Amino acid sequence: MATTTPRRVAKALIAPALALGATVGLASAPASAAVWNSCDQWGNTTLNGYTLYNNIWGSGAGSQCVWADSGTNWGVRADHPNTGGIKSYPNAKKVINKPVTSLSSLTSSYNVTVPSSGAYNTSYDIWDTGHRYEIMLWVNRTGAVGPLGSSQGTVTLGGSTWTVYKGSNGSNEVFSFVRSSNSSAGTVNILPILKWIKDTKGWFGDVTIGDLQFGYEITSSAGGLDFTTNSYGVSSG
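Read on for a plain summary of the structure. All values reported here derive from a predicted model rather than from experimental measurement.

### Thoughts on the state of the cysteines
- As enumerated under the stated definition, the model contains 1 disulfide in all.
- Residue C39 pairs covalently with C65 via a disulfide, S to S 1.9 Å. Between C39 and C65, the S-S torsion sits near 105°, and that sign places the bridge as right-handed. Here the residue C39 occupies a position in the loop between β1 (36-38) and β2 (44-47), and C65 occupies one in strand β4 (residues 63-70), the gap between them amounting to 26 residues. We note that C39, like C65, is buried.

### Overview of the sheet that holds strand β14 (residues 208-220)
- Taken in spatial order, the 9 strands of this open sheet run β2-β3-β6-β14-β8-β9-β12-β11-β10, and their pairing is mixed. A single partner strand is all that each edge strand has here, and the edge strands are β2 and β10 (150-157). Averaged over all pairs of adjacent strands, the angle between strand axes in this sheet comes to 25°, irrespective of strand direction.

### Here's the deal with the side chain of S38
- Relative to the elements of secondary structure, S38 occurs in strand β1.
- At a separation of 3.1 Å, a polar atom in the side chain of S38 contacts the main-chain amide nitrogen of D40.
- Contact partners of S38, with chain neighbours within four places excluded, come to G43, N54, Q64, C65 and V66.

### As for the sheet that holds β4
- The strand order across the open sheet formed by 6 strands is β1-β4-β5-β15-β7-β13, and the pairing between neighbours is antiparallel. Looking at strand neighbours, the two that pair on one side only are β1 and β13 (185-189), the edges of this open sheet. Going across the sheet, the axis of each strand differs from the next one's by a mean of 20°, ignoring polarity.
- Against the sheet, helix α2 (residues 190-201) touches β7 (106-113) and β13, its axis set at about 45° to β13.

### Focus: the pattern of salt bridges
- All told, the structure shown has 5 salt bridges when counted by the stated rule.
- With a shortest N-O distance of 2.9 Å, R77 and D226 are connected by a salt bridge. Pair noted here: R77 is in strand β5 (residues 73-79) and D226 is in strand β15 (residues 225-236), with a separation of 149 residues, a long-range link.
- We classify R77 as partly exposed; its relative accessible area is 35%.
- One salt bridge connects K198 with D199, and the closest N-O pair in it is separated by 2.8 Å.

### Brief notes about the packing of aromatic side chains
- Considering all chains together, one arrives at 17 aromatic pairs under this definition.
- Taken together, a centroid distance of 6.4 Å and an interplanar angle of 50° make the contact between Y124 and Y232 tilted. On the criterion of sequence distance, the pair formed by Y124 in strand β8 (residues 119-128) and Y232 in strand β15 is long-range, its members being 108 residues apart. No difference in accessibility class separates Y124 from Y232, as the two residues are buried.
- For the pair F175 and W203, a centre-to-centre distance of 5.1 Å together with 25° between the ring planes defines the contact as stacked. Placement of the pair is F175 in strand β12 (residues 173-179) and W203 in the loop between α2 and β14, with a sequence separation of 28 residues.
- Judged by its relative accessible area of 1%, F175 falls in the buried class.
- With a relative accessible area of 15%, W203 lands in the buried category.
- Its end group placed over the ring of Y50, K94 keeps NZ or CZ at 4.6 Å from the ring centre.

Calculation rules
Residues numbered from 1 in each chain as written. Predicted model: local features only at pLDDT ≥ 70, side-chain atom pairs only at ≥ 80, totals over all residues. Heavy atoms only, no water. Disulfide = S-S within 2.5 Å. Helix = DSSP H or I, 4+ residues; strand = E, 2+ residues; numbered from the N terminus. Buried < 20%, exposed > 50% of the residue type's maximum accessible area, 1.4 Å probe, protein only. Pairing = 2+ DSSP bridges. Axes fitted to C-alpha atoms, helices over the stretch in contact; angles between N-to-C directions. Polar contact = N/O pair within 3.5 Å; in protein donor to acceptor, adjacent residues only side chain to side chain. Contact = heavy atoms within 4.5 Å. Salt bridge = Lys/Arg side-chain N within 4 Å of Asp/Glu carboxyl O. Phe/Tyr/Trp six-rings, centres within 6.5 Å; stacked < 30°, edge-to-face > 60°. Lys NZ or Arg CZ within 6 Å of the ring centre and 35° of its normal.

Structure, rendered in structure tokens:
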């Protein structure tokens, strides 16, 4: 859903030191054995080069547990009330730490199983190291959710057609690319999108790309819904 409330810096700047001990709600960890699971609000771990965050950051949240067999195969059981406002962004993060002009490639593939009800989007959330700019790539969405800012038209980049939105949450600029149709599996060529923002639109300069996150921005999932990342990976050069 569209909002003018500052909302994403909090999820990007979570300190792992805060991840010990806070628990939200009464959800249980997944019944199946996993390499790692957590119901802690800021629960996190690192597996095979990816950092996983439970990341329940919005107000009015319910319960949520994350499990992982690896950094690229993980999922979430979330039970957030049917109210407005983003409740969480459970995600897997890969650190890039390269300026746009130093990147020769940046691609990612995903395969997810997501519910047909609730209100959420499945998205990449990409940050520069200074947290001045946020680039979101929405690959699917369900329910009453929408990007921040105003439409800038459509563009075909990185293997998909997107409607582009530009706005600010009061803390950083937000550029959202919403896929023209929902996708549960695919590959995104991210570097042309970054170069289009930099070179074609001039919305930022040669920023250093820091965190590349992929996950589920959940507004509501009443009754408990499952979000599963069957596979996911990031490749950069």
